Amino acid sequence: MTATTRITMHPVRNDALPRIAGGLLSAVVATGLTVQQLRHRRVLRGQGDESFFETSTGNVLAYQLTEAEGPDSSPVLVCETGLCSTVEHWIRLRRMLGCDHPVLAYNRAGYGRSEYRLREPFSLAAAVADLSDLVRAVCPSRPVVLVGHSLGGHLTLRAIEPLRDLVTGVVLLDPSHPAELLRSRVQADGANVLTSALALMPESARLGLGSLLTSPPWLRWLPEDMRPLILDQFRDWKLWKATVREWHATHTEFLDHDGVLPKVGVPLRLVAAATTHARDPIHAELHRELVGTSPDGDLCLIEDARHDELVMNERPAAQVAELIREFTIGLRTSGLCTSGLRPTLDAPEVR
């Protein structure tokens with residue numbers, strides 16, 4: 001008999017592979033963290049010409065006040081940004097309006113160069129207090145018109161009372177309504193999606209994963225010279241931490257809304273994107289309610305424009321700027337709504 005030799009083949013074991021893979025992963029993470037640190041420094045440098053003011057809450061706000069280029073008696077336009085937004089998003093409107101209006105723009109606590117130092121749990125009331133303090137410090141005895149976009153519109157309405165001796169008018173750009181989550185299925189569903197989407201953003205960005213965020217499509221709407229800073233802000237953890245903080249407070253307070261809206265004792269102009277009303281008729285109804293809080297209010301639609309385009313996209317922003325100019329003139333002449341941009345007290349049919 002011939003002995004049969006059995007040869008068993010075993011897979012080659014290489015203990016180095018896990019170490020190599022771990023080393024590569026560590027290198028990627030380290031690189032991401034380094035990139036994130038450099039990005040964060042650029043965010044903290046901002047545009048470089050900001051001034052700073054510490055409010056009664058302890059927050060430090062970075063702001064810019066630009067005076068009109070020529071002699072002008074117009075009120076100071078105070079820009080209040082929306083959720084997850086910085087003053088850089090308003091650059092088109094600010095440049096369009098800055099020639100003939102003084103403009104005060106600032107970042108709420110936690111955004112851009114502004115610092116969040118409030119020790120108590122955050123509330124929208126704290127944001128309103130910051131706004132009121134800043135206006136009184138920077139524009140003492142000067143008439144102001146509050147201009148708020150989205151969540152910023154809600155905050156400006158709440159700031160009218162503490163600033164009642166200074167505010168001569170208010171302009172709301174596609175504003176949030178405190179009852180929108182209770183009455184609009186579209187808004188409620190969107191809120192649920194937003195809550196889920198924001199859950200991991202701050203820590204992921206802090207760990208260096210912000211670089212994986214692709215450039216947002218709306219970035220192309222903005223002037224080229226501002227895009228690098230805005231993209232840095234978008235990929236930095238600071239923006240997302242402030243957004244989550246504000247969103248949690250907004251979500252909670254809106255769900256607890258008691259149905260009472262602040263009374264507005266000054267002229268009010270609400271400018272809405274036509275697509276907002278077309279997408280959600282309930283939101284159009286809510287906007288009409290906000291107009292009704294003022295004894296001298298009107299509603300204007302910007303056709304073929306979306307929510308964020310009112311501030312960032314050149315064509316809609318130019319129409320918004322013209323409506324704001326007309327509004328401030330109307331404060332002196334009581335002749336509101338003379339443009340051809342479909343102002344109405346009764347919401348028009350949107351097709």
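The protein carries the name Alpha/beta fold hydrolase in an unreviewed UniProt entry, which gives Streptomyces bathyalis as its organism.

So, about unusual backbone geometry. One non-glycine residue, Cys84, adopts positive backbone phi at about 55 degrees. Topologically, Cys84 is positioned in the loop between strand S3 (76-80) and helix H2 (91-97). At Ser150, a residue that is not glycine, the phi angle is positive and equals roughly 60 degrees. Mapped onto the elements of the fold, Ser150 is located in the loop between strand S5 (144-149) and helix H4 (151-159). Looking at Ser150, the relative accessible area reads 14%, which means it is buried.

Attention now moves to the nonpolar core. Among soluble globular proteins, nonpolar side chains are generally buried collectively. Formed by 89 residues in total, the largest nonpolar core has its most connected members in Leu93, Leu104, Val135, Val144 and Leu173. The contacts of Leu104, once residues within four sequence positions are left out, are Tyr63, Gln64, Leu65, Val76, Leu77, Val78, Cys79, Leu134, Val135, Val138 and Cys139.

Counting buried residues in S3 gives five out of five residues, a clear majority hidden from the surface. The two faces of S3 match: Val76, Val78 and Glu80 on one face and Leu77 and Cys79 on the other face are all buried. Sheet topology note: the S3/S5 ladder contains five bridges and is parallel. Paired with Glu80 across the two strands is Gly148, which belongs to S5. Summarising the sheet, S3 and strand S4 (residues 103-106) pair through three bridges and their orientation is parallel. Pairing of Leu77 across the sheet is with Val103, part of S4. Regarding topology, H2 serves as the crossover connection from S3 to the parallel S4, and that connection is right-handed.

Checked against the element boundaries, Arg325 lands in helix H13 (residues 314-333). In terms of polar contacts, Arg325 uses its side chain to reach the side chain of Asp100, at 3.1 Å. Residues within four places of Arg325 in sequence aside, it is in contact with Met96, Leu97, Asp100 and His101.

Tallied over the full model, the rule gives three aromatic pairs. Plain terms: the ring middles of Trp218 and Phe234 are 5.9 Å apart, the flat faces sit at 90 degrees to each other, and that makes the pair edge-to-face. Of this pair, Trp218 sits in the loop between helix H7 (201-206) and helix H8 (227-235) while Phe234 sits in helix H8; the two residues are 16 residues apart in sequence, bridging distant segments of the chain. We classify Phe234 as buried; its relative accessible area is 16%. Between Phe234 and Trp240, the ring centres sit 5.6 Å apart and the planes meet at 65 degrees, which makes this aromatic pair edge-to-face. By way of ring pairs, the aromatic residues Trp218, Phe234 and Trp240 are connected into one cluster.

Attention now moves to the pairing of S5. Of all six residues that make up S5, six are buried, and the element is covered over most of its length. Side chains Val144, Leu146 and Gly148 of S5 all project onto a buried face; the interleaved residues Val145, Val147 and His149 project onto the opposite face, where all are buried too. Relative to strand S6 (residues 167-173), S5 is paired through six bridges, and the arrangement is parallel. Looking across to S6, one finds that Gly148 is bridged to Leu172. Regarding topology, H4 serves as the crossover connection from S5 to the parallel S6, and that connection is right-handed.

Here we come to the packing of H4 against helix H9 (residues 237-255). H9 packs onto H4 with a crossing angle of 65 degrees between their chain directions and a minimal axis gap of 12 Å. Comparing the axis directions of H4 and H9 gives the class roughly perpendicular. Along this stretch, H4 crosses H9, giving a crossing that reads as left-handed. Where H4 abuts H9, its residues Leu151, His154 and Arg158 lie against Glu246, Thr250, Glu253 and Phe254. Residue classes in the contact of H4 with H9 are distributed as two nonpolar, two polar and three charged.

The tally for this structure, following the rule as stated, stands at 19 salt bridges. With its nearest N and O atoms 2.9 Å apart, the salt bridge here joins Glu67 to Arg142. A residue pair is termed long-range when its members are at least 10 positions apart, and Glu67 in the loop between strand S2 (60-66) and S3 and Arg142 in the loop between helix H3 (124-138) and S5 qualify at 75 residues. When its relative accessible area of 43% is taken as the criterion, Glu67 is described as partly exposed. For Arg142, a relative accessible area of 26% gives the class partly exposed. Between Glu203 and Arg206 there is a salt bridge, with its nearest N and O atoms 3.7 Å apart. Of the two residues, Glu203 and Arg206 both sit in helix H7, three residues apart, roughly one turn of that helix. If you follow the salt bridges from partner to partner, you end up with Glu80, Arg108 and Glu246 in one network.

Conventions adopted
- Per-chain numbering applies: the sequence of each chain, read as written, is numbered from 1 onward.
- In keeping with the predicted nature of the model, local features appear solely for residues at pLDDT of at least 70, side-chain atom pairs appear and are counted solely at 80 or more, and the whole-chain, interface and lining totals rest on all residues.
- Note that water and hydrogens are dropped before the side-chain values are worked out from all heavy atoms of the structure.
- Here a strand is any run of E in DSSP of at least two residues, a helix any run of H or I of at least four, and the numbering for each starts at the N terminus.
- Burial status follows relative accessibility: with a 1.4 Å probe on protein chains alone, a residue under 20% of its type maximum counts as buried, one over 50% as exposed, and anything between as partly exposed.
- Residues grouped as a nonpolar core are buried Ala, Val, Leu, Ile, Met, Phe, Trp, Tyr and Cys residues, joined through side-chain atoms within 4.5 Å.
- Any pair of residues with heavy atoms lying within 4.5 Å of one another is described as a contacting pair.
- In this description, strands pair whenever DSSP reports at least two bridges between them.
- Look down the strands so they point away from you; if going from the first strand over the helix to the second traces a clockwise path, that crossover is right-handed.
- Any N or O atom pair separated by 3.5 Å or less is treated as a polar contact, with the protein-specific requirement of one donor-capable and one acceptor-capable atom, and with residues adjacent in sequence counted only for side-chain atom pairs.
- For Phe, Tyr and Trp, where Trp contributes only its six-membered ring, two rings pair if their centres lie within 6.5 Å, and the inter-plane angle classes them as stacked under 30 degrees, edge-to-face over 60, or tilted in between.
- Only the contacting stretch of a helix is used when fitting its axis, a line to C-alpha atoms as for every element, and angles between N-to-C directions run 0 to 180 degrees.
- Angle categories are assigned with fixed cut-offs, so that under 35 degrees is roughly parallel, over 145 is roughly antiparallel, 65 to 115 is roughly perpendicular, and the rest are oblique.
- Handedness of each helix crossing follows the sense of rotation of the near helix against the far helix: counterclockwise by less than a right angle gives left-handed, clockwise gives right-handed.
- Under this grouping Gly is polar, as are all residues other than the nonpolar Ala, Val, Leu, Ile, Met, Phe, Trp, Tyr, Cys and Pro and the charged Asp, Glu, Lys and Arg.
- Every case where a carboxyl oxygen of Asp or Glu lies within 4 Å of a side-chain nitrogen of Lys or Arg is listed as a salt bridge.

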